[in-house]
Amino acid sequence: FTVEEAQKAFNRSQPGSDERDMAMNKWIDLCTTPDEIQDAFNATPEESKARVRAFDKWIHLCTTIPDISRAHHNSVPDSKERRVAFEKWLSLCTKPNEAQDASTNYPLKSEEREMAYKRWIELCTNPTEAKKAYDHTPLGSEIRALALEKWEELSTAEVESATDFLEVKYAYAKMPPE
């Protein structure tokens, strides 16, 4: 059986029949790419076990931010599945701007937004990136304090690694205000 054959068997079967359920399960089993499983997911009935199974596999098959972003946006808002997709999305982020982009999918004071801010801060490797993260965090929040701590840490490291006066001067200019 191939994915295409399983999909054809599904399409030929009667809605609600055992044959259709078996074809859908086979279709899900055979999927090996995010695009294939998205097609299967889209064919599943709302709130069915097959839909949950297809979504779980979709998350598993995602290895890029565009793939996981598509899965995330196809999930039900405020669902466990959406949260799992978002966690995977953050785990795929390797640059601060990727985590920043992910953060924009949730309201400012949400738990998910805070998760994205933490990942963003974690990915910062220089004072400029840390300052940008700091500038985007909510005033007076714990996450802002974490961003400031990262900014100070990276600035101090840059000052300490400076080898001449101009490098020291430049590094001090990027330090957070006291």
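Anything mentioned here points back to the structure above.
Position labels on residues start from 1 in each chain and follow its written sequence. Reporting in this predicted model follows two pLDDT cut-offs: at least 70 for local features of residues, and 80 or more for side-chain atom pairs to be given and counted; totals over whole chains, interfaces and linings ignore these cut-offs and use all residues. Side-chain measures were taken over the full set of non-hydrogen atoms in the model, leaving aside hydrogen atoms and water.

Asker: An account of the side chain of Ser-75 is needed here, citing residue identities and associated values.
Answerer: The residue Ser-75 is located in the loop between helix H5 (65–73) and helix H6 (80–92) in this model. Burial classification: accessible surface area is computed with a 1.4 Å probe over protein chains only, and a residue below 20% of its type maximum counts as buried, one above 50% as exposed, and the rest as partly exposed. Residue classification places Ser-75 among the buried positions, given a relative accessible area of 7%. Pairs of residues are marked as contacts when any of their non-hydrogen atoms sit within 4.5 Å. With near-sequence residues (within four places) excluded, Ser-75 lies in contact with Phe-55, Glu-81 and Arg-82. Only DSSP runs of H or I with at least four residues qualify as helices, and only runs of E with at least two residues qualify as strands; both kinds are numbered from the N terminus onward.

Asker: So what's going on with the pattern of salt bridges? Residues and values would help.
Answerer: Each reported salt bridge corresponds to a side-chain nitrogen of Lys or Arg within 4 Å of a carboxyl oxygen of Asp or Glu. Following the criterion strictly, the structure yields 11 salt bridges and no others. Among the salt bridges present, the one from Arg-70 reaches Asp-35, with a minimum N-O distance of 2.8 Å. Taken together, the residues Arg-70 in helix H5 and Asp-35 in helix H3 (residues 34–43) connect sequence positions 35 residues apart. Close ionic contact of Arg-70 with Asp-67 constitutes a salt bridge, the shortest N to O distance being 3.6 Å.

Asker: Tell me about the environment of Tyr-106, and name the residues and values.
Answerer: Along the chain, Tyr-106 falls in the loop between helix H7 (96–103) and helix H8 (111–123). Its relative accessible area of 11% is what places Tyr-106 among the buried residues. Spatially, the C-alpha atom of Tyr-106 lies 27 Å from that of Glu-152, the residues being 46 residues apart in sequence.

Asker: Would you mind going over the packing of helix H4 (residues 49–61) against H6 in detail, with residue names and values included?
Answerer: In this analysis an axis means a line fitted to C-alpha atoms, helices contributing only their contacting stretch, and an angle means the value between N-to-C directions, from 0 to 180 degrees. At a closest axis distance of 10 Å, the pairing of H4 and H6 adopts a crossing angle of 10°. On the basis of the axis angle, H4 is roughly parallel to H6. Here Val-52, Phe-55, Ile-59 and His-60 of H4 come into contact with H6, specifically with Glu-81, Val-84, Ala-85 and Lys-88. In terms of residue class, the contact of H4 with H6 is made up of five nonpolar, one polar and two charged. Working definition: roughly parallel below 35 degrees, roughly antiparallel above 145 degrees, roughly perpendicular at 65 to 115 degrees, and oblique for all remaining angles. Residue type decides the class: Asp, Glu, Lys and Arg count as charged, Ala, Val, Leu, Ile, Met, Phe, Trp, Tyr, Cys and Pro as nonpolar, and the leftover types, Gly among them, as polar.

Asker: Break down the packing of H3 against H4 for me, citing the residues and quoting the values.
Answerer: For the pair H3 and H4, interaxial distance at closest approach is 9 Å and the crossing angle is 165°. With respect to their mutual orientation, H3 and H4 come out roughly antiparallel. Helix-helix and strand crossings are classified by hand; for H3 and H4 the assignment is left-handed. From H3, Pro-34, Ile-37, Gln-38 and Phe-41 reach across to H4, where they touch Arg-51, Ala-54, Phe-55, Lys-57, Trp-58 and Leu-61. Broken down by class, the residue content of the contact of H3 with H4 amounts to seven nonpolar, one polar and two charged. By definition, any crossing whose near helix is turned counterclockwise from its far helix by less than a right angle is left-handed, and any crossing with a clockwise turn is right-handed.

Asker: Describe the packing of aromatic side chains, and please don't skip the residues or the numbers.
Answerer: Stacked, edge-to-face and tilted are the three classes for Phe, Tyr and Trp ring pairs, Trp counted by its six-membered ring, which pair at centre distances within 6.5 Å; planes under 30 degrees apart are stacked, over 60 edge-to-face, the rest tilted. The final tally for this structure, using the stated rule, is eight aromatic pairs. Ring centres 5.2 Å apart and planes at 55° place the aromatic pair Phe-41 and Trp-58 in the tilted group. Here Phe-41 is found in helix H3, whereas its partner Trp-58 is found in helix H4, with 17 residues between them in sequence. With a relative accessible area of 3%, Phe-41 lands in the buried category. Geometrically, the ring pair formed by Tyr-134 and Trp-151 is tilted, given 5.3 Å between the ring centres and 45° between the ring planes. Here the residue Tyr-134 occupies a position in helix H9 (residues 127–136), and Trp-151 occupies one in helix H10 (residues 142–161), the gap between them amounting to 17 residues.

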